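Coordinate analysis (summary)
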Amino acid sequence: MHEMASQAHVAHHGPPTSFIRKYIFSLGHKVIGKQYYGLAFISVLIGMFLSWLMRVHLGWTNAKIPGLHLLSPSGAPGDVMTPEYYLQLMTMHATLMVFFVLTTAPFAAFGNYFLPIQVGAEDMPFPHFNMMSFWVTFAGFLALIASFFVGDGPTLGGWTQYAPLSAVGSVAGPGEGMGVVLWAISIGLFCVGQLLGALNFITTTLDMRTKGMSLWRMPMTVWGWFITSVMGLTAFAVLMPACILLILDHVAGTSFFVPSNLVINDQLQPHSGGSTLLWQHLFWFFGHPEVYIAIVPGMGIVSHVLIPNLRRPLLSHRVLIYSFGALAVLSYMVYGHHMFVSGMNPVSSIAFSFPTLIITIPSTIIVLIWLASLYGSRLRINSASLFALGFISMFITGGVSGFFLAQPSLDIMLHATYFVVGHFHMVMAVAAMFGIFAGTYFWFPKMFGRMMDERLGKLHFWLTFVGAYAIFMPFHYLGLAGNIRRYQAFAPDYMQRFIPVHQFITIAALITGAAQLIFVYNLVYSRYRGAPAPENPWEATSLEWSTPSSPPPFDNFGGQLPVVYHDPYQYGIESSTGDYVMQTSPEQIKSVRDEA
Amino acid sequence: MGLVIAAFLLVGTEVLALGAFGAKAWANVYFTPPGADAMPVQVQAGQFAFYFRYPGPDGKFGPIHPDMVNESNQNFYGLDQTHDADSKDDIVTAEMAIPVNHEIHLLMHSKDVGHAFFVPELRVHQDFVPGLDLSLHFTATKIGRYEIVCTQLCGLGHYNMKAYLSVMSQEDFDKWLKQQAANQ
């Protein structure tokens, strides 16, 4: 233990005493994790609210939304949304959700809280970087929100911010001046925050493991966060300079992304020599790893939640980890599938299509390992395991449409339609949300020492599960029929007939969104009034359940770093504790499948 | 382990098959040059309308002068018809018409930001890249009137950026083009 413990000294800092150091500028990884969770929570509420406004507008384009003019007098005169305001809300919905929810909650929030505990460390090795990581991210969040309140509002260019629409300034439309600059500042800051976080995660995983915690004895969650950090380190390092170049195009008169001879509003633009495809390449070189950054932590959480409820290990943990790694490596080679009809050389479409099809192999293996492990098991049904099952369901359904989209020839029809919107909402957005829910229900007892209400949790699951299908399955049909995304109304004649489907989706979205209030209530109520949590409510084996209290003390293990003797998932065995053995238990057991 | 190998074989075969068929379908569209008798039509996308240009009897498009683009006097393309001989007989239209069963060589030009040209019924879909003029070729085999929609977010009027493509018999097309030329 002692050589490891001396390394852990790097991170040693005493518990804070002042309020500011304890709760605001905290150096402790658990508080930072909760701060990230809080940020994601606020962002998801705003993002969901924006999606409600958009959905109502799509179903009933001229509907008055009472009070909307208070939010933006110019964006909704007489409470009816203008076309540009719709696009602005859409851009903010996507930016908030992709960056500040799907990246922060499963990765930065849960990762910060549980990664050090699960490897048996007192804290991250660079606590000041860690604190900075959150506050820089938070500054990015504020910059994004600030754009609601400047001049002509936030940018309307979509979360992908394709140039030159995003690079020529306000002449291209409302929000394309200051709105884009604030967007780029926000995302640039976000990248800095995540780079700092990724550095900490990688160092913690490699250098801060306690005695006995070999790499193969790390829980699946730690593998998920570790692999995600490696992806984040390379992906965010590309997006950040891209954002800086975009800002320079606005404020310094450069032309990185603007070619010569553009005429907007009959004015010849003072730019020359830039490349619009350059932005797309830089953006998607980040953008595709980003969807795996959003989903791989969820895969780790789902595995980690399922195993204690299955009471037996998964079919193979190593193959699962190798598959995570394969996803990470391949995620850089597939990004061009976002650009099949973008005007890049059509030969590269085929070059990007094959890795995209190949990436379905590790995805299929991951899913088959889960399904085969579930087969014939007696799964303990609780809110956490239900959401883990929901994740698998969403990932499969959303993944199947990926087979279609991977092919450039089919993309001729499907690109930029609702088919794509349905695909990524299921496979990445809803699936990752289900991962966040599974993690929340599973770890809440550890984070707050109280149980969440199981009845409300199950109700929340069923409403959300059915609701998510009701919302996103019809998207696929709309897309096949040629319904284009990012339209605020359906002006082309052939799209008129889709409007009733959109009205159905809107109703489903309003109900499903309202069902999330059950979760909010459950979270707040259980935080203060929930039943006190037993020491190890799920009879789980990993280190977070070996801390002396819930929530764990400041240094996680009460001054005594744990020693690890076992694979993280020793279930379905005979031991003195029952059918499982804690990682910290020195008890000799006959292992079912000790891969370590 | 058996499961993993099975997944590898099953999905691997499927991937190769899909990839190979898909690549062939893609190559049929993109890796063949337009035929020698393909009819050139130029399409220009701008916020938030498409304009089409036919080269006229000389078969040549006059050059575009970006500084002369002026919507108010209807010079959507920035043509200098007093000085450029090739521009004199160019025909600019707000609707697209093409003869049926005749290959079209579509020359794509964006005036301002990114746009796209999508005709769902014809499975023709291509982004306009500002600063990079692309072309594609296709043959419409059914007479009818189809909608052309923009699929690349181009600003607040994106949802309403559309035009019509009429596929006509050769005689109807010739008549239509003559009438358009008279309207110039």
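This write-up is about the structure you can find in this document. Since the structure is predicted, the reported quantities are computational estimates derived from the model, not experimental observations. (Residues numbered from 1 in each chain as written. Chains lettered and ligands numbered in written order. Predicted model: local features only at pLDDT ≥ 70, side-chain atom pairs only at ≥ 80, totals over all residues. Heavy atoms only, no water.)

**Focus: helix α2 (residues 170-183) of chain B**
All names here are of chain B. Helix length check: α2 (14 residues) gives 20 Å between terminal C-alpha atoms against 20 Å at 1.5 Å per residue, within 8%. For α2, every residue scored as buried is listed here: Phe173, Trp176 and Gln180. Across the axial projection of α2, the buried residues extend over an arc of 65°, all falling on one side. Across from the buried face of α2, at angles greater than 90 degrees, the exposed residues are Glu171, Lys175, Lys178, Gln179 and Ala182. Contacts made by the buried residues of α2 are with β1 (39-46), β2 (49-54), β3 (91-93), β4 (96-99) and β10 (162-168). (Helix = DSSP H or I, 4+ residues; strand = E, 2+ residues; numbered from the N terminus. Expected span 1.5 Å × (residues − 1). Buried < 20%, exposed > 50% of the residue type's maximum accessible area, 1.4 Å probe, protein only. Arc of directions from axis to C-beta. Contact = heavy atoms within 4.5 Å.)

**Thoughts on the interface of chain A and chain B**
Taken together, the 60 residues of chain A in the interface contact 58 residues of chain B. Buried area between chain A and chain B, summed over both chains or domains, comes out near 4,900 Å², and the portion from carbon and sulfur atoms is 71%. Of all residues in chain A, the largest losses of buried area upon contact with chain B belong to A:Val263, A:Asp266 and A:Ile412, amounting jointly to 12% of the total for that side. For the pair chain A and chain B, the number of links is one salt bridge. Between B:Lys162 and A:Asp493 there is a salt bridge whose closest N-O contact spans 3.8 Å. The interface formed by chain A and chain B contains 14 residue pairs in polar contact (both at pLDDT 80 or more). (Buried area = accessible area lost by both parts, 1.4 Å probe. Salt bridge = Lys/Arg side-chain N within 4 Å of Asp/Glu carboxyl O. Polar contact = N/O pair within 3.5 Å; in protein donor to acceptor, adjacent residues only side chain to side chain.)

**Observations concerning the pattern of salt bridges**
Counted according to the given criterion, the structure contains seven salt bridges over all chains. Ionic pairing is found between B:Asp90 and B:Arg53, a salt bridge with its closest N-O pair at 2.7 Å. In this pair, B:Asp90 is assigned in the loop between β2 and β3 and B:Arg53 in strand β2, connecting sequence segments 37 residues apart. Considered together, B:Asp90 and B:Arg53 belong to a single accessibility category, that of buried residues. A salt bridge links B:Glu95 to B:Arg145, with the shortest nitrogen-to-oxygen separation between them at 3.1 Å. Of this pair, B:Glu95 sits in the loop between β3 and β4 while B:Arg145 is found in strand β9 (residues 144-149), placing the two residues 50 residues apart along the sequence. Note on B:Glu95: relative accessible area 32%, which makes it partly exposed. Among the ionic contacts, a cluster of salt bridges with common partners joins A:Asp493, B:Glu147 and B:Lys162.

**What to know about the state of the cysteines**
In a disulfide, the sulfur atoms of two cysteines are held together by a covalent bond. Per the counting criterion, the structure on display carries zero disulfides over all chains. A:Cys243 supplies the cysteine sulfur nearest to A:Cys191, a cysteine that is in no disulfide, at a spacing of 5.5 Å. Not part of a disulfide, B:Cys150 finds its nearest cysteine sulfur in B:Cys154, a span of 4.0 Å. (Disulfide = S-S within 2.5 Å.)

**Remarks on the packing of helix α6 (residues 127-146) of chain A against helix α7 (residues 178-207) of chain A**
Residue and element names in this part refer to chain A. At a minimum axis distance of 8 Å, the contact between α6 and α7 shows a crossing angle of 165°. Accordingly, the angle class assigned to the pair α6 and α7 is roughly antiparallel. Of the two elements, α6 crosses α7, and the hand of that crossing is left-handed. For the pair formed by α6 and α7, the contact residues are Phe129, Asn130, Met132, Ser133, Val136, Thr137, Ala139, Gly140, Phe141, Ala143, Leu144 and Ala146 on the first element and Leu182, Trp183, Ile185, Ser186, Leu189, Phe190, Val192, Gly193, Gln194, Leu196, Gly197 and Asn200 on the second. (Axes fitted to C-alpha atoms, helices over the stretch in contact; angles between N-to-C directions. Parallel < 35°, antiparallel > 145°, perpendicular 65-115°, else oblique. Left-handed = near helix turned anticlockwise from the far one by under 90°.)

**Here's the deal with the nonpolar core**
If you look at the biggest cluster of nonpolar residues, it comprises 246 residues, and the most contacted ones within it are A:Met299, A:Trp370, A:Phe391, B:Phe50, B:Tyr54, B:Met96 and B:Phe117. Ranked by the residues each element gives to this core, the list is headed by helix α5 (residues 83-119) of chain A, at 24 residues. Among residues more than four places away in sequence, those in contact with A:Trp370 are A:Met299, A:Val302, A:Ser303, A:Leu306, A:Leu314, A:Leu320, A:Phe391 and A:Ile392. (Core = buried A, V, L, I, M, F, W, Y, C linked by side-chain atoms within 4.5 Å.)

**Things to note about the environment of A:Phe149**
With respect to the helices, strands and loops of the structure, A:Phe149 is situated in the loop between α6 and α7. Considering only alpha carbons, one finds A:Phe149 and A:Leu71, 78 residues apart in sequence, at a separation of 9.5 Å.

**Things to note about the sheet that holds strand β5 (residues 103-110) of chain B**
Residues and elements named next belong to chain B. Read across the sheet, five strands follow the order β3-β2-β1-β5-β8 without closing on themselves; strand pairing throughout is mixed. A strand with exactly one partner marks an edge of an open sheet, and here the two such strands are β3 and β8 (134-139). Each strand axis lies, on average, 25° off the axis of its neighbour in the sheet, ignoring direction. Pairing analysis gives five bridges linking β1 to β2, with the strands arranged antiparallel. Within β2, the residue paired with Gln44 across the bridge is Tyr51. Set on the sheet, α2 makes contact with β1, β2 and β3; between it and β3 the angle comes to about 100°. (Pairing = 2+ DSSP bridges.)

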